[in-house]
Amino acid sequence: MLLAYLRRQRELVCWKVTGLDDEAARKTSTASGLTIHWLVWHLGGAEYWWLSCRLGGQSPEDGDPGLDPDTATLAELVNDYRNECRRSDEIIAAHQLDDVAADGPPQTLRWMLQHLIEETSRHLGHLDLLCEQADGRTGEAPE
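Quick word on the overall build of the protein
Link 1 in the chain: The number of helices and strands found in the protein is five helices and zero strands.
Link 2 in the chain: Reading the protein from its N terminus to its C terminus gives the helix and strand order α-α-α-α-α.
Link 3 in the chain: Since a compact globule built from 143 residues should have a radius of gyration of about 15 Å, the 15 Å found for the protein is in line with a globular shape.
Link 4 in the chain: Taken along the three principal axes of its C-alpha coordinates, the protein extends 45 × 35 × 25 Å.
Link 5 in the chain: Of all intrachain contacts in the protein linking residues separated by at least 6 positions in sequence, the fraction that spans at least 24 positions is 76%.
Link 6 in the chain: Carbon and sulfur atoms make up 51% of the accessible area of the protein, which amounts to about 7700 Å² in all.

And the structure:
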């Protein structure tokens, strides 16, 4: 069930921004500077940090794709996010829910999945608002 919820939120992130004009997306931000591009970039980084680094023991520097959310296209960022999610799924499949992080606080894979569901869902809400501002698109899921 955890994987199903996480996969659903990931899919909705990609659906929400598919076809969005890069220029309109870049111009849309919050007062603090939060953008659509940054959110997609951040979610890929969260996947990498929690699963590849914390659970898989990789160094944070090993996974930096070099994409800059200020210059990369939305399509590039979504592609990177999808690839990171695939890598995350491979790591998840190789572990049990009660396996503990390789470093840092003793958080389990179960905890990490719940955290990623919460983080992805929260930022999906931000994307809802920013996409509506960018081009008027609304909706919770594809019809």
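Following the structure, the description resumes.
Things to note about the nonpolar core
Link 1 in the chain: Among the nonpolar cores identified, the biggest contains 22 residues, and Val 17, Leu 20, Ile 36, Val 40, Leu 74 and Tyr 81 are the most heavily contacted of them.
Link 2 in the chain: Elements that contribute at least two residues to this core include exactly helix H1 (2-17), helix H3 (36-55), helix H4 (74-93) and helix H5 (109-135).
Link 3 in the chain: For Ile 36, the residues in contact, after removing those within four places along its chain, are Val 17, Leu 20, Ala 25, Thr 28, Leu 74, Leu 127, Leu 130, Cys 131 and Ala 134.
Link 4 in the chain: Ranked by size, the runner-up nonpolar core spans 13 residues in total, among them Ala 46, Leu 51, Leu 113 and Leu 116.

So, the pattern of salt bridges
Once their charged atoms are close, side chains differing in charge can pair, the charge on each being opposite to the other.
Link 1 in the chain: Taken as a whole and judged by the stated rule, the model has ten salt bridges.
Link 2 in the chain: In this structure, the salt-bridge partner of Glu 118 is Arg 122, at a minimum N-O distance of 2.8 Å. In this pair, Glu 118 and Arg 122 both sit in helix H5, four residues apart, roughly one turn of the helix.
Link 3 in the chain: On the basis of relative accessible area, Glu 118 is assigned to the partly exposed category, the value being 35%.

Observations concerning the packing of H1 against H3
Link 1 in the chain: It is the contact of H1 with H3, at a shortest axis distance of 11 Å, that shows an interaxial angle of 155°. Comparing the axis directions of H1 and H3 gives the class roughly antiparallel. In this structure, H1 crosses over H3, and the sense of that crossing is left-handed. Contacts from Leu 6, Arg 10, Val 13 and Val 17 in H1 reach Ile 36, Val 40, Leu 43 and Glu 47 in H3.
Link 2 in the chain: Considered class by class, the residues forming the contact of H1 with H3 number six nonpolar, no polar and two charged.

What counts and what doesn't
- Residues numbered from 1 in each chain as written.
- Predicted model: local features only at pLDDT ≥ 70, side-chain atom pairs only at ≥ 80, totals over all residues.
- Heavy atoms only, no water.
- Helix = DSSP H or I, 4+ residues; strand = E, 2+ residues; numbered from the N terminus.
- Rg over C-alpha atoms; globule rule 2.2 N^0.38 Å.
- Contact = heavy atoms within 4.5 Å.
- Areas by Shrake-Rupley, 256 points an atom, 1.4 Å probe, with all protein chains shown as cover.
- Core = buried A, V, L, I, M, F, W, Y, C linked by side-chain atoms within 4.5 Å.
- Buried < 20%, exposed > 50% of the residue type's maximum accessible area, 1.4 Å probe, protein only.
- Salt bridge = Lys/Arg side-chain N within 4 Å of Asp/Glu carboxyl O.
- Axes fitted to C-alpha atoms, helices over the stretch in contact; angles between N-to-C directions.
- Parallel < 35°, antiparallel > 145°, perpendicular 65-115°, else oblique.
- Left-handed = near helix turned anticlockwise from the far one by under 90°.
- Nonpolar A, V, L, I, M, F, W, Y, C, P; charged D, E, K, R; others polar.

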